Amino acid sequence: MDTLMIELLTRLGWTSLQSVLLVALVWGVCRLLPALPTATRCRLWWLVAAQAVLGLVWSSPLELAVLPAPAAPATQLVALPAVETALASAPDMTGAVAMAAPQALWSWPALLLAAWVAGVLVMLVHSLRGYRHSRALVRGAADCTDATLQQALHLAAEAHGLRRAPTLKVSAQIRSPQLIGPWRPVLLLPARELQAMSADDLDMALTHELVHLQRRDLWWGLLPALAQHLFFFHPLVHLAAREYAVAREEACDGAVVAGQGHCRHDYGRLLVQLGVAPRPAVGVASASPNFRSLKRRLLTLQQTRRFPRVAALAITAMVVLVGVAPMRLVAAVTPPPPAPPAPAAPRVPTPPTPLPAAAPLAAPALQVAPQPVAAPIAPAPPAAPRAPEPPKALGDGMALVTHGKLDLSRQPAQAFVLMGGDSNFVDASLADLKQAKHDAHGDEPALWVRRGQERYLIRDPAVLRQLARSQADVAALGSAQAALGTLQSELGQHLADVSMQVTADAMASVDVAAVANLAARQSGASAASEAAQAARQARIAARKAVDTEQIARVAREQAEMGREQARLARQQSVASARASRDVRAAIDQALSSGKAERLRD
């Protein structure tokens, strides 16, 4: 669950950053090229919204290695010194484990994700209210009974290539024509302004709304609205949605006056007459939402310069290729340093030599047999950690010494197996591993690749030498973890032996004390017998103290080794991700350059 939250927050962050760059690019293009067609500007701002939505659903963004490379992590092992402190100074892990769950519930990824979900829900509620208001307008409007107006609408719809004209209604609650949709669109005309509009004004208003239907603006506008909901916190995404809406109206204005230069003045007068009116939540209106957008529409009507169509298409293609594809900045991969010499394994502490057993205490002759004393139940010794299992063998004798990601049940869409030396680096299934060994026909280094059902084999020495260094780093970290696992197993076995000795000493102490006390009560033991009993108990107590100290020391060394193994695991995860990225880049380069041999069944 934490991984999914962090992945979603990461996508939100990188997509927000890319949206900033793309908005700056589109804004600069529109500012430097004032003669750019309004339809092209509309597409460019729509692409900004498409990039924002695409960044959340694209599972594998393009990685650009432009950030500085991180310092290479140290991979050598160090000997773990024995800590000669008392057992009481060891930290109590019970409280930390008990508090781990509450802290995880209130971690910063969970809080950020909860805030994002709450914001999306607020935006969704606002949109639902707007939708209900639009539906209420449609229900409260009256059907248009003017046969001439209906006939003019149907003729204009046929002229624009529409299969059927929208439903025409008259509403007293609006001040400008509005097209409500996108499902079963309804064209609303203002009842009061309709009487003052001339036939030409009414024709231009109807044409404007029909151009929206012809361009499918009601459907295309859903994507910018979705981007506003998902990125409610991003002001530039809201800016892009507003610029898209204004450019969409300007594009329809240009389509109305195209080829009819004499009506630009009349159409501008109509826009001023319609004035400013709020835009419906799920539709478009002929009026502008504010005076600034009205001024822009009037100024755009005055532009008569033509812009080359090829240049407009080239600008759109450039924005698609450069800015729309999800990208992520990653650190550059630096050549790994030479492999360090193998570290010396920590020395296992030698168990102490047990003290010689003292002579049994002579008890005076008794007339009454002593009652048997029940011995305490010995606690079970702690289980020793399991030693790493030896490499398993596949059916054809290939040792399963692998690093990376090996899926034992599911077969991924793409897979690779980098074979070299005594280990393999894979991102594949078990069946792919067997198939790679079968296709390689030997133990020489090779890179086996599967893309869907197509299989390839790469034996180019330059490519394999380049990838061998990354593979060696991952293998070295894996070997270091295996050595630590073996050492932990030995320490666990030693801990079990010492615990058994402590248990035996405790049972002997109870037996001796019980016999001596019974003898003293029934026959009046002498001071010498009591002294011998005290000496015996002192020796057993000293021996127990030594064994307890041994347990504490071994436990501390095991905890230290556990932390070292966790550190190695984190380093191996980073090294595996870096190596996997190197292998995939090498595969793409080999496939494009023809260095990969295509295998056939």
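Model, not experiment: these values are computed from the prediction.

Enquirer: A description of the environment of Gln466 should follow, citing residues and the corresponding values.
Expert: Topologically, Gln466 is positioned in helix H15 (residues 461-523). Between the C-alpha atoms of Gln466 and Asp582, which are 116 residues apart in sequence, the distance is 8.8 Å.

Enquirer: Tell me about the nonpolar core, residues and numbers included.
Expert: Across soluble globular proteins, you tend to see nonpolar side chains buried next to one another. With 32 residues, the main nonpolar core has Leu149, Leu153, Leu168, Leu206, Tyr267 and Leu270 as its most contacted residues. Among the elements of the structure, helix H5 (147-159), strand E3 (167-171), strand E5 (186-190), helix H7 (199-215), helix H10 (235-257), helix H11 (264-274) and helix H12 (291-301) are those that each provide at least two residues to this core. Counting residues per element, this core draws most heavily on H7, which supplies six residues. Non-local contacts of Leu270, meaning those with residues more than four positions away in its chain, are made with Met197, Asp201, Met204 and Ala205. Within the second largest apolar cluster, 24 residues are counted, among which are Val463, Met561, Ile587 and Ala596.

Enquirer: Explain the environment of Thr207 residue by residue, including any values.
Expert: Structurally, the position occupied by Thr207 is in helix H7. Residue classification places Thr207 among the buried residues on the basis of a relative accessible area of 13%. On a C-alpha basis, the gap between Thr207 and Ala156 in space is 7.0 Å, while along the polypeptide they are 51 residues apart. If we skip the residues at most four places from it in the chain, Thr207 touches His160 and Val256.

Enquirer: Explain the packing of aromatic side chains residue by residue, including any values.
Expert: This structure, assessed with the given rule, holds five aromatic pairs. On the basis of an interplanar angle of 80 degrees and a centroid distance of 5.5 Å, the ring pair of Trp183 and Trp219 is categorised as edge-to-face. One end of the pair, Trp183, is in the loop between strand E4 (178-180) and E5; the other, Trp219, is in helix H8 (residues 217-220), and 36 residues separate them in sequence. Given a relative accessible area of 42%, Trp219 falls into the partly exposed group. Aromatic side chains Phe416 and Phe425 sit 5.9 Å apart centroid to centroid with 40 degrees between the ring planes, which places their arrangement in the tilted category. Pair check on accessibility: Phe416 and Phe425 agree, each one buried.

Enquirer: Go over the environment of Pro109 with me, naming the residues and quoting the values.
Expert: Positionally, Pro109 belongs in helix H4 (residues 108-140). The residues contacting Pro109, other than those within four sequence positions of it, are Met5, Ile6 and Leu9.

Enquirer: Give me the lowdown on the sheet that holds strand E13 (residues 597-599), citing residues and values where you can.
Expert: Two strands in a sheet stick together by hydrogen bonds in their backbones, pointing the same way (parallel) or opposite ways (antiparallel). Strand order in this open sheet of six strands is E8-E10-E9-E11-E12-E13, and the pairing throughout is mixed. For this open sheet the edge positions go to strand E8 (402-407) and E13, each flanked by a neighbour on one side alone. Across this sheet, the average inter-strand angle for adjacent strands is 20 degrees, counted without regard to direction. Note that strand E11 (residues 446-451) and strand E12 (residues 454-458) share five bridges and pair antiparallel. Its bridge partner being in E12, Arg450 is matched across the sheet by Arg455. The sheet contacts of helix H14 (residues 430-440) involve E8, strand E9 (414-420), strand E10 (423-429), E11, E12 and E13, and relative to E10 the element is tilted by about 125 degrees.

Enquirer: Before we move on, can you summarise the packing of H11 against H12 with the specific residues and values?
Expert: Packed helix pairs are specified by the crossing angle of their axes together with the interaxial distance, meaning the distance between the axes. With their axes 10 Å apart at the nearest point, H11 and H12 run at an angle of 175 degrees to one another. If you check the angle between H11 and H12, you find them roughly antiparallel. Contacts between H11 and H12 involve Arg264, Tyr267, Gly268, Leu271 and Val272 from the former and Leu294, Arg297, Leu298 and Leu301 from the latter. Looking at the contact of H11 with H12, its residues break down into six nonpolar, one polar and two charged.

Enquirer: Break down the pairing of E11 for me, citing the residues and quoting the values.
Expert: The buried count for E11 comes to five of six residues, which makes it a mostly enclosed element. Note that E9 and E11 share six bridges and pair antiparallel. Bridge pairing in E11 places Ala415 opposite Arg450. Between E11 and E12, which pair antiparallel one after the other, the connecting turn spans two residues, and Gly452 there sits at a positive phi close to 70 degrees.

Enquirer: So what's going on with the sheet that holds E4? Residues and values would help.
Expert: On the basis of which strands lie adjacent, the open sheet formed by five strands has the order E2-E3-E5-E4-E6 and mixed pairing. Strands at the two margins of the open sheet, each flanked by one partner only, are strand E2 (142-143) and strand E6 (283-285).

Enquirer: Just give me the short version of the pattern of salt bridges, but keep the residues and values in it.
Expert: Counted according to the given criterion, the structure contains 13 salt bridges. Between Arg11 and Glu7 there is a salt bridge, with its nearest N and O atoms 3.0 Å apart. Remark: Glu7 and Arg11 occur in helix H1 (residues 2-32); sequence separation between them is four residues, near one turn of the helix. Note on Glu7: relative accessible area 31%, which makes it partly exposed. With a shortest N-O distance of 3.7 Å, Glu250 and Arg296 are connected by a salt bridge. Taken together, the residues span a long stretch of sequence, with Glu250 in helix H10 and Arg296 in helix H12 at a distance of 46 residues. Judged by its relative accessible area of 3%, Glu250 is buried. Among the charged side chains, a salt-bridge network with shared partners connects Arg41, Glu243, Glu250 and Arg296.

Procedures and definitions
- Residues numbered from 1 in each chain as written.
- Predicted model: local features only at pLDDT ≥ 70, side-chain atom pairs only at ≥ 80, totals over all residues.
- Heavy atoms only, no water.
- Helix = DSSP H or I, 4+ residues; strand = E, 2+ residues; numbered from the N terminus.
- Core = buried A, V, L, I, M, F, W, Y, C linked by side-chain atoms within 4.5 Å.
- Buried < 20%, exposed > 50% of the residue type's maximum accessible area, 1.4 Å probe, protein only.
- Contact = heavy atoms within 4.5 Å.
- Phe/Tyr/Trp six-rings, centres within 6.5 Å; stacked < 30°, edge-to-face > 60°.
- Pairing = 2+ DSSP bridges.
- Axes fitted to C-alpha atoms, helices over the stretch in contact; angles between N-to-C directions.
- Parallel < 35°, antiparallel > 145°, perpendicular 65-115°, else oblique.
- Nonpolar A, V, L, I, M, F, W, Y, C, P; charged D, E, K, R; others polar.
- Salt bridge = Lys/Arg side-chain N within 4 Å of Asp/Glu carboxyl O.

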